[in-house]
Amino acid sequence: MDNAWYKECSTGRRFLLKISPGEKLVEKLLNFAEETGVKNAVISSAIGSVTGVRIRGIKAGAKLPITAPRMNIYELDGPFEMLDLEGNIVPNDKGESDCHLHILISKSTGEVLGGHLFDARVFASCEIMIEEFFVTGVVERHQSKSGGISTFYLGDKDE
Amino acid sequence: MSDPTLSLRRSLLYVPGNMPSMLQNIPVFNCDTVFIDLEDAVPLNEKDAARSLVSKFVASYKNRNKEVFIRINALDTEWGYDDLLSVLPSLPDGIRLPKADTPEIVERLDTMLTEMEETLGLEIGTFKIIPSIESAMGVINSIKIARCSSRVIALAFGAEDFTADMEIERTKKGAELFSARTRVLWAAKAAGIQAVDTIFADVGDMDSFRTEVELVKRLGFTGKSLVNPRQVDVVHEVFAPKPEEIEYAKQVIEAIIRAREMGTGVIALNGKMIDAPVVKRAARVIKTAVSQGLLDYELDDEVIYGAK
Amino acid sequence: MEIQSKARAGTMQSSDVVVFVEPADQLTIEIESTVLKQFEHLIRQRIEQQLATLEVTRGLIRVSDRGALDYAIDARIETAVRRSMEG
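(A) Here's a closer look at the sheet that holds strand E1 (residues 7-9) of chain C. Residues and elements named next belong to chain C. On the basis of which strands lie adjacent, the open sheet formed by 4 strands has the order E1-E2-E4-E3 and mixed pairing. Lying at the two open borders of the sheet, with one neighbouring strand each, are E1 and strand E3 (27-33). Each neighbouring strand pair of the sheet contributes to a mean axis angle of 15°, computed without reference to strand direction. Across 7 bridges, E3 lies against strand E4 (residues 59-65) in parallel orientation. The residue bridging Ser33 from the neighbouring strand is Asp65, located in E4. Contacts from helix H1 (residues 36-53) reach E3 and E4 within the one sheet, and its direction differs from that of E3 by about 145°. In this fold helix H2 (residues 70-86) packs onto E1, strand E2 (17-22) and E4, with an angle of close to 150° to the strand it touches most, E1.

Spelled out as structure tokens, the structure:
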């Protein structure tokens, strides 16, 4: 019987985070986590405008694992509206805070782009709502063998 | 092999994949590139035989005096993938991909080539791609296709399948191909890659063939697909700069050197203004002439672009 | 590989070779060629080598050669054997 692979979580503190123009999104989010002692968190809302966006797309026909030649990495100057930032903050196996983010941005034409976010810089504004969560047992981020990036790991499946 | 993106590809000759007599003549043809064909030149019941023959021939063709591309069957046919598995280990220079209607189709070939390079322990990006733009959809998407993979070094226009797809007749004058050709050209030029024109099937009518070669050269094509060795010399003649063109190009370069010495970026040459685009074109004429052994001339880039 | 049924490969063009294979208890190679006198032993040697590579130890191989080079002999033998196994 193939049971679901899950962990129950309870909500912790909620934060409103503002990132200023020119600052790097990923760096600021991780600094925030260190500063506030947030171990695990999820982005519940994020809007603003960004520039220097570095994202990845997976090539048609690619097989696992998704190594560099199987993805297209885009460096997009922008600036763009940031429509949404999805993802989570979960520490890596060395206990350092780490995040996995996907971003949605739009051009002046309204054309929307998105992908796995490597990094971006805030252009004019960035307002992020973050929700801390607590979980029993271990939730860590490992370098995923198949995805080619780091994703969180919920301990053994049938723990 | 020098940088594949720069090599001269004026004449790209089709060679049927299931004919040993033609395959083993490849070393003696004087074309720049060969397209060994596993697709339309090979009947359905001989696809397996041609694939084996071609891979063994290419493996035996060691010190190559030209580029070797293989036209595999389209990836959505039952033969395409097996063609790749069979021919890639013999290390052709690249693949001509038929029916390249969308960027995704080319991307799919790109990832397959990556997998083969990893299996064969080759540098990623070794195998190049020349997609065939041979349908209305292909022409529409040619701009994205030209940019969708660093392996794509040229777009090749295919009028036989294009005119069939458009349900129109392929004529010798080729007026019906004009808009498709220009869009394929813009796509290739905008992406900084080469553009190869379609075949001219009537090998007996060399006059109409020469006229078509002159037209496509004037439009901006860098080469042409050929179906018979006799067509190669005509292409090389038409694509070679004329003596008077070479002479004028040398005058332009000498004029701009004088201008630079006088500290100006422009100068008049028998009444015509010589500015940067004119200098760049003159440099291209000289480089082509030198590479075709028509001229012996030392040209340093500083002359063309001017010291920063 | 194993010759499991009658099969053929190759064409009658010049520089090509037609290869017929059929199942048999031992390995026999019959060669007919436009250049038989000068090259029979080389053609036979090449066929034996290719059959060894394909691990074919039994079968009747009939070959009608029109001056095929080594790569063409290898290819047509391989295709004929492969076709005999596809049945």
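(B) Looking closely at the layout of surface pockets. For the largest pocket, the calculated volume is near 1,500 Å³. Around the largest pocket, the lining is made up of 41 residues, and of these B:Lys189, B:Thr222, B:Arg284, B:Val285 and B:Thr288 lie nearest the centre. Where the lining of the largest pocket is concerned, the elements lending two or more residues are helix H5 (136-147), helix H8 (206-219), helix H10 (243-261), helix H11 (276-291) and helix H12 (301-305) of chain B. The residue makeup of the lining of the largest pocket, split by class, is 19 nonpolar, 11 polar and 11 charged. Each of two domains, domain 1 (11-239) and domain 2 (243-305) of chain B, supplies a minimum of three residues to the lining of the largest pocket. Approximately 710 Å³ is the volume found for the second largest pocket. Together, 26 residues line the second largest pocket, and A:Asn72, A:Tyr74, B:Glu107, B:Arg147 and B:Cys148 are the ones closest to its centre. The element contributing the most residues to the lining of the second largest pocket is helix H4 (residues 103-120) of chain B, with 5 residues. The residue makeup of the lining of the second largest pocket, split by class, is 9 nonpolar, 7 polar and 10 charged.

(C) Spatial organisation of the side chain of B:Glu115. Along the chain, the position of B:Glu115 falls in helix H4. Excluding residues that lie within four positions of it along the chain, B:Glu115 makes contacts with A:Gly61, A:Lys63 and A:Arg70.

(D) Up close: the arrangement of the chains. Where the 2 pairs of chains in contact are concerned, the greatest contact count is recorded for chains B and C. What separates chain A from chain C at the closest point of their C-alpha atoms is a distance of 29 Å, and the two make no contact.

(E) Focus on the interface of chain B and chain A. The interface of chain B with chain A comprises 9 residues on the first partner and 9 residues on the second. The contact between chain B and chain A buries some 810 Å² in all, and 46% of this surface belongs to carbon and sulfur atoms. For chain B, the biggest contributors to the area lost against chain A are B:Glu107, B:Thr111 and B:Glu115; these three give 52% of the whole. A salt bridge links B:Glu118 to A:Arg70; its shortest N-O distance comes to 2.8 Å.

(F) Inspection of the pairing of strand E2 (residues 33-37) of chain B at higher detail. Residue and element names in this part refer to chain B. With 5 of its 5 residues buried, E2 lies for the most part within the structure. Residues Thr33, Phe35 and Asp37 line one face of E2 and the alternating positions Val34 and Ile36 line the opposite face, and both faces are buried. Alignment of strand E1 (residues 11-16) against E2, held across 5 bridges, turns out to be parallel. Residue pairing for E2: Leu12 is matched across the bridge by Thr33. Looking at chain direction, E2 and strand E3 (residues 67-71) are connected through 5 bridges and run parallel. Considered in E3, the bridge of Ile36 is made with Ile70. The parallel pair E2 and E3, bridged by helix H2 (residues 47-60), forms a crossover whose chirality is right-handed.

(G) Here's a closer look at the packing of aromatic side chains. Using the criterion set out here, one finds 7 aromatic pairs over all chains in the structure. In textbook terms, an aromatic cluster arises when at least three aromatic residues are bridged by ring pairs, as seen for B:Tyr14, B:Phe35 and B:Phe69. Against the face of A:Phe118 rests A:Arg54, its NZ or CZ located 5.1 Å from the ring centre. The side chain of B:Arg96 reaches across the aromatic face of B:Phe35, ending 4.7 Å from its centre.

What counts as what
Residues numbered from 1 in each chain as written. Chains lettered and ligands numbered in written order. Predicted model: local features only at pLDDT ≥ 70, side-chain atom pairs only at ≥ 80, totals over all residues. Heavy atoms only, no water. Pairing = 2+ DSSP bridges. Helix = DSSP H or I, 4+ residues; strand = E, 2+ residues; numbered from the N terminus. Axes fitted to C-alpha atoms, helices over the stretch in contact; angles between N-to-C directions. Contact = heavy atoms within 4.5 Å. 1 Å grid on protein atoms, 1.4 Å probe; cavity = no way out; pocket = protein on both sides within 12 Å on 5 of 7 lines; lining within 4 Å. Points joined across faces, edges and corners; volume = space filled by probe spheres on them. Nonpolar A, V, L, I, M, F, W, Y, C, P; charged D, E, K, R; others polar. Domains from an automatic or database assignment. Buried area = accessible area lost by both parts, 1.4 Å probe. Salt bridge = Lys/Arg side-chain N within 4 Å of Asp/Glu carboxyl O. Buried < 20%, exposed > 50% of the residue type's maximum accessible area, 1.4 Å probe, protein only. Right-handed = clockwise from strand over helix to strand, strands pointing away. Phe/Tyr/Trp six-rings, centres within 6.5 Å; stacked < 30°, edge-to-face > 60°. Lys NZ or Arg CZ within 6 Å of the ring centre and 35° of its normal.

These figures come from the coordinates and say nothing about function on their own.
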